[in-house]
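# Fold and contact review
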Amino acid sequence: SNFYAAQAFHMSSEADYAEFYPKVRDAILKAQGGDGSWQGDSAGQVYGTSMNLMVLTIPYNYLPMFQR
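Sequence order sets the numbering: in each chain, residues are counted from 1 along the sequence as written. Totals for whole chains, interfaces and linings use every residue, but because this is a predicted model, local features are given only for residues with pLDDT of at least 70 and side-chain atom pairs only at 80 or more, for both listing and counting. Derived side-chain values reflect all non-hydrogen atoms in the structure, with water molecules and hydrogen atoms excluded from consideration.

### Description of the overall build of the protein chain
The number of helices and strands found in the protein chain is three helices and zero strands. Each helix is a run of DSSP H or I of at least 4 residues and each strand a run of E of at least 2, with the numbering of both proceeding from the N terminus. Listing each helix as α and each strand as β along the protein chain from the N terminus yields α-α-α. Atoms counted for the radius of gyration: C-alpha only. Globule rule: 2.2 Å times residue count to the power 0.38. Compactness check: the protein chain gives a C-alpha radius of gyration of 12 Å against a globular reference of 11 Å for 68 residues, within 12% of the reference. Dimensions of the protein chain along its principal axes, counting C-alpha atoms only, are 35 × 20 × 20 Å. Contact between two residues is taken to exist if any of their heavy atoms lie within 4.5 Å; hydrogens are not considered. Considering only residue pairs separated by 6 or more positions, the protein chain has 51% of its internal contacts joining residues 24 or more positions apart.

### Digging into the nonpolar core
As used in this record, nonpolar core signifies buried Ala, Val, Leu, Ile, Met, Phe, Trp, Tyr and Cys residues forming a set joined through side-chain atoms within 4.5 Å. The buried label goes to any residue with under 20% of its type's maximum accessible area, the exposed label to any with over 50%, and the partly exposed label to all in between, with areas taken from a 1.4 Å probe on protein chains only. Among the nonpolar cores identified, the biggest contains 12 residues, and these are Phe 3, Ala 6, Tyr 17, Phe 20, Tyr 21, Val 24, Ile 28, Trp 38, Met 51, Val 55, Leu 56 and Ile 58. Of all the secondary-structure elements, those providing two or more residues to this core are helix H1 (2-12), helix H2 (14-31) and helix H3 (45-57). Here this core gets five residues from one element, more than from any other, and that element is H2. Setting aside anything within four residues of it in sequence, one finds Phe 20 in contact with Asn 2, Ala 5, Ala 6 and Phe 9.

### Things to note about the pattern of salt bridges
A carboxyl oxygen of Asp or Glu within 4 Å of a side-chain nitrogen of Lys or Arg is what we treat as a salt bridge. As enumerated under the stated definition, the model contains two salt bridges in all. The shortest N-O distance in the salt bridge between Lys 23 and Glu 19 comes to 3.8 Å. Of the two residues, Lys 23 and Glu 19 both sit in helix H2, four residues apart, roughly one turn of that helix. Accessibility classification places Lys 23 together with Glu 19 in one group, the exposed group. Asp 26 serves as the salt-bridge partner of Arg 25, at 3.2 Å between the closest nitrogen and oxygen.

### Section: the environment of Gln 32
Within the secondary structure, Gln 32 is located in the loop between H2 and H3. In this structure the C-alpha to C-alpha distance between Gln 32 and Tyr 21, which are 11 residues apart in sequence, comes to 16 Å. Discounting chain neighbours no more than four positions away, the residues touching Gln 32 are Ser 37 and Trp 38.

Note that every value here comes from positions in space, so none of it alone points to a role or purpose.
Following this line, the structure appears as structure tokens:
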């Protein structure tokens, strides 16, 4: 859900995203496992890690869909 919420806030406005991102970033980093991975609910570790990394990279505009 963080991935889809992050997309929505990023596309909404810079002010909305600036308020949302630090909160979700901190929650994601707090949930990170000792080996650097994340659990993906019932989807598994690879999926969870991939989705969380995509959320964390949104501010860097690596993916074309997040470029403004």
